[in-house]
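Coordinate inspection notes
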Amino acid sequence: MSSDLKPWLDRAVALATENVADGGGPFGAVIVRDGSELISVGVNRVTRDFDPTAHAEVVAIREACRKLSSFTLDGCVLVTSCEPCPLCLAAALWSRVDQVVYAADRYDAAAAGFDDLAFYKLFESPRDTWTVPVAHLSVDQHNAPFDAWSANTARVEY
């Protein structure tokens, strides 16, 4: 990790700690561009917003994209108080950040009662062993949305 990101990591940890005092979850994140420009911050708002996707990283990514009027965050780094869970890691990958830097890890989160480690382990196991069934069911027009997408010359690639 570049030492210029350490102050941003300290900020993410402070946001997470403050969020606990405010009744939220112990997670905070910042999006930084070029190592020095704060683009957005996010804290865990799952219980506050009744939204299971309102993780600190997702909140920060959404705000950064709105602020930059872009669905990609090239040139930006996601700095977060804890190793991103699979949801947040996927959001970071989809946003095309240049790097993800974190403080605590999935084992620290598990010790505090969070499912991050369990979800990582779940994704390593065969789907037919999952407690929530995820099943493919084919319909005649299953590819119609992709055909429409491919035929749309005005589409915006992402």
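The paragraphs below set out a description of the structure included in this document. (Residues numbered from 1 in each chain as written. Predicted model: local features only at pLDDT ≥ 70, side-chain atom pairs only at ≥ 80, totals over all residues. Heavy atoms only, no water.)

For the rest of this paragraph, the subject is the pairing of strand E3 (residues 76–82). The buried count for E3 comes to seven of seven residues, which makes it a mostly enclosed element. With five bridges connecting them, strand E1 (residues 28–33) and E3 associate as antiparallel partners. Bridge pairing in E3 links Val32 to Val77. Handedness of the E3-helix H4 (residues 86–95)-strand E4 (residues 99–104) crossover: right-handed. (Buried < 20%, exposed > 50% of the residue type's maximum accessible area, 1.4 Å probe, protein only. Helix = DSSP H or I, 4+ residues; strand = E, 2+ residues; numbered from the N terminus. Pairing = 2+ DSSP bridges. Right-handed = clockwise from strand over helix to strand, strands pointing away.)

Attention now moves to the nonpolar core. Counting residues in hydrophobic clusters, the biggest one holds 20 residues, and the most contacted among them are Ile31, Ile61, Leu73 and Leu78. Those elements giving two or more residues to this core turn out to be E1, helix H3 (56–68), E3 and H4. Looking at which element gives the most residues to this core, the answer is H3, with six residues. The contact partners of Leu78, leaving out residues within four places of it in the chain, are Ala29, Val30, Ile31, Glu57, Ile61, Ala92, Val97, Gln99, Val100 and Val101. Counting 10 residues, the second-largest nonpolar core is a separate cluster that includes Leu5, Trp8, Leu15 and Val79. (Core = buried A, V, L, I, M, F, W, Y, C linked by side-chain atoms within 4.5 Å. Contact = heavy atoms within 4.5 Å.)

Under the 1.5 Å per step criterion, the end-to-end length of helix H1 (residues 6–21) is 23 Å for 16 residues, consistent within 8% with the ideal 22 Å. Buried within H1 are the following residues: Trp8, Leu9, Ala12, Leu15, Ala16 and Asn19. The buried side chains of H1 occupy one side of the element, clustering within an arc of 115 degrees when seen end-on. Residues of H1 that are exposed and angled more than 90 degrees away from the buried face: Pro7, Thr17 and Ala21. (Expected span 1.5 Å × (residues − 1). Arc of directions from axis to C-beta.)

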